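# Fold and geometry: a report
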Number of protein chains: 2
Amino acid sequence: MHNSMTQKPHELLAETLAAEMDKVNDLIQTRMASEHAPRIPEVTAHLVGAGGKRLRPMLTLAAAKMCGYQGDHDIRLAATVEFIHTATLLHDDVVDESAQRRGRPTANLLWDNKSSVLVGDYLFSRSFQLMVETGSLRVLDILANASATIAEGEVLQMTAAMDLKTDESIYLQVVRGKTAALFSAATEVGGVIAGASEVEVKALFDYGDALGIAFQIADDLLDYQGDSKTTGKNVGDDFRERKLTLPVIKAVAQATDEERAFWVRTIEKGRQEDGDLEQALALMVKYDTLTQTRADAFGWATRAKKALEALPDHPVRQMLHDLADYVVSRLN
Amino acid sequence: MHNSMTQKPHELLAETLAAEMDKVNDLIQTRMASEHAPRIPEVTAHLVGAGGKRLRPMLTLAAAKMCGYQGDHDIRLAATVEFIHTATLLHDDVVDESAQRRGRPTANLLWDNKSSVLVGDYLFSRSFQLMVETGSLRVLDILANASATIAEGEVLQMTAAMDLKTDESIYLQVVRGKTAALFSAATEVGGVIAGASEVEVKALFDYGDALGIAFQIADDLLDYQGDSKTTGKNVGDDFRERKLTLPVIKAVAQATDEERAFWVRTIEKGRQEDGDLEQALALMVKYDTLTQTRADAFGWATRAKKALEALPDHPVRQMLHDLADYVVSRLN
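Below, the structure is looked at part by part.

Rules used throughout
Residues numbered from 1 in each chain as written. Chains lettered and ligands numbered in written order. Predicted model: local features only at pLDDT ≥ 70, side-chain atom pairs only at ≥ 80, totals over all residues. Heavy atoms only, no water. Helix = DSSP H or I, 4+ residues; strand = E, 2+ residues; numbered from the N terminus. Buried < 20%, exposed > 50% of the residue type's maximum accessible area, 1.4 Å probe, protein only. Polar contact = N/O pair within 3.5 Å; in protein donor to acceptor, adjacent residues only side chain to side chain. Contact = heavy atoms within 4.5 Å. Buried area = accessible area lost by both parts, 1.4 Å probe. Salt bridge = Lys/Arg side-chain N within 4 Å of Asp/Glu carboxyl O. Least-squares fit on C-alpha atoms with pLDDT ≥ 70 in both. Phe/Tyr/Trp six-rings, centres within 6.5 Å; stacked < 30°, edge-to-face > 60°. Lys NZ or Arg CZ within 6 Å of the ring centre and 35° of its normal. Core = buried A, V, L, I, M, F, W, Y, C linked by side-chain atoms within 4.5 Å.

### Things to note about the side chain of Glu-20 of chain A
All names here are of chain A. Tracing the backbone shows Glu-20 in helix H2 (residues 18–32). When its relative accessible area of 18% is taken as the criterion, Glu-20 is described as buried. Here the side chain of Glu-20 touches Lys-65 through a polar contact of 2.8 Å, side chain to side chain. Contact partners of Glu-20, with chain neighbours within four places excluded, come to Leu-61, Lys-65 and Ile-75.

Structure representation (structure tokens):
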């Protein structure tokens, strides 16, 4: 037995849901197989095998368990959300021309862009088959809408990058597409399949949505003030890649003419020079945007915890509560 | 009025289904819109606007009409299959690094690979929403399975290219993924939504499947013996790209040791020299594989026409019959 005081909430969730997660992993193994196209399991295993916290499938299992579900469709839906997540990672790596993912070379580097695009499509179609097997039109509706939000958010992120007109509402839409839409779909379908009440289903959606937003804002903030040893990222990567995230958006909104010219040059035109990152950070300090962004992340974590109040009193509920604290605790 | 004797079967179908196709086009316009990400309609309009024969949505409308359907889900399903088709074209162009599609520069060339990948994902998620709106789990099952066959076929095509172990059964699986799976799903869902009998639904699937296979075999054969003025392709493109299509597969299967060494060098190793295409064609003539491939295409067209016998006697049925003749008539 581990001491729950020293365990991280996702580790405690993983322990609690170990039996179900084993079934999810078995199902993932079975469904990613392809008799004639061995490239598919090769590429998928590279990514799925690399671990990751399997947070999304755990959210589905946790929601179903908390709502007293007894069947086995939660296993299918957990595998579904993991497949969707893996498919989007494969396509993201092509889009971002990434060389590393989870500390390992990306699939597009190990194989090629073709493999990443096509295996991503294959996993998405596999996820689609899995969700159809639940026989629930409502589940299909939720996941179809989440897929559209994800895809639209990705396109929006691509076109909003380098564009100083990107404001907080567009940022939020990008964040929903990038992270929160799959979190909220994961928790919502867990409740739907368990036959939870409308109030509970809504609460599960709200929890996943707020958790995902808190998670992504924290990630974006850590890009500017994280310890590269812990985050595995270099400070200022987003600035160098000219991504408009919350700390910059808030500084741009208050910029003087001179400061605006700085942002136009560095972000829109991409003509960055030595000392620009330091200047950008100085402007974020001047307008206190790092602190405000931190407050936003904590605000979303609070909303997530608040949403849980409508859900059954269950040990898993406390773990989800602690998980919301945990995703922003990296900011302390 | 046109004279039906001089009209091509797909033109006659387009005329017969004009009112429904207008609705399909309106729905496509509405659903490809994206308030915040204008890149989406831009890219989609480039491709959808380029025309193409809209054969797949017409197959759905034709199947529904022939089976006496009175509702409007056929419109949604026709838009669904066109979205799936457009999404696969966008991803194919990235995979093939194509520069031209339908005589215009491809989206990946006009914008970038990112846009093609992400807008493809967006259209696929939109198609998913449209099919959910029909409320038919059976339709969802058919389209989920077709999506998986398409994606697996694409990966298989990528890995089977340049591999002399590719035999006729793998070729058939690639062809189903590339072309026939969406044709057969298009006709099958038209029947399902119309409440056709099981025998009729099966016949519609068989028709679409055989039509798609005949179409693709004819396409592959024309690569070796077509008139570049009519096909818009240069003779031997597939050979130069080291694609294993039926005329080559049949020749490889009968190759002497010396001939096999030729195929290994030109297809597997890709070390092609002047005169190799002529040598490849000579081997196809030696083993009569162009004639055999032509016979295969006509055989599938016959199966397609045969399948129609189980369907209601209706003017549209004759058009579908003539369409099967038409797709192989290019070989005369």
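This is not the end of the story, as more comes after the structure.
### Points about the interface of chain B and chain A
Listed per partner, the contact involves 41 residues of chain B and 41 residues of chain A. Interface area for chain B against chain A, summed over the two sides, is near 3700 Å², with a carbon-plus-sulfur share of 77%. At the surface where chain B touches chain A, the tally comes to zero salt bridges. The interface formed by chain B and chain A holds four residue pairs in polar contact (both at pLDDT 80 or more) in total. When contributions to the side of chain B that touches chain A are tallied by element, the ones reaching two or more residues are helix H3 (39–48), helix H5 (73–96), helix H7 (113–132) and helix H8 (137–160) of chain B.

### Some remarks on the relation of the copies chain B and chain A
Aligned on chain A, chain B shows an RMSD of 0.0 Å; the corresponding rotation is 180° and the shift along the axis is 0.0 Å. What the rotation and shift describe, once combined, is the action of a two-fold rotation axis. Taken together, the interface assignments show that 100% of the residues at the interface of chain B recur at the interface of chain A, consistent with an identical surface on both copies.

### So, helix H13 (residues 246–253) of chain B
All names here are of chain B. With seven of eight residues buried, H13 is to be regarded as a mostly interior element. Taken together, the buried positions of H13 are occupied by Leu-246, Pro-247, Val-248, Ile-249, Lys-250, Ala-251 and Val-252. Where the residues of H13 are buried, they touch helix H9 (168–193), helix H10 (198–225), helix H14 (257–268), helix H15 (276–286) and helix H16 (289–307).

### A look at the packing of aromatic side chains
Under the defined criterion, the tally for this structure stands at six aromatic pairs over all chains. Over the face of the ring belonging to Trp-300 of chain A we find Arg-303 of chain A, whose NZ or CZ atom lies 3.8 Å from the ring centre. Above the plane of the ring of Phe-215 of chain B lies Arg-330 of chain B, whose end atom (NZ or CZ) is 5.2 Å from the centre.

### Observations regarding the nonpolar core
Membership of the largest hydrophobic core comes to 228 residues, with the highest contact counts inside it found for Tyr-207, Trp-263 and Leu-320 of chain A together with Tyr-207, Trp-263 and Leu-320 of chain B. Setting aside its immediate chain neighbours within four residues, Trp-263 of chain B contacts Leu-164, Phe-239, Val-248, Ala-251, Val-252, Ala-255, Glu-268, Ala-280 and Leu-283 of chain B.

### Describing the side chain of Asp-121 of chain A
With respect to the secondary-structure elements, Asp-121 of chain A resides in helix H7 (residues 113–133). At 2.7 Å, the side chain of Asp-121 of chain A forms a polar contact with the side chain of His-91 of chain B. Non-local contacts of Asp-121 of chain A, meaning those with residues more than four positions away in its chain, are made with His-91 of chain A together with His-91, Asp-121 and Ala-151 of chain B.

### Remarks on the environment of Ser-147 of chain B
Among the structural elements, Ser-147 of chain B can be located in helix H8. The buried category is assigned to Ser-147 of chain B, whose relative accessible area is 5%. Put simply, Ser-147 of chain B and Ala-185 of chain B are 38 residues apart on the chain and 9.4 Å apart in space, counted from C-alpha to C-alpha. If near-sequence neighbours (up to four positions away) are discounted, Ser-147 of chain B is found in contact with Ser-125 and Phe-128 of chain A together with Phe-124 of chain B.

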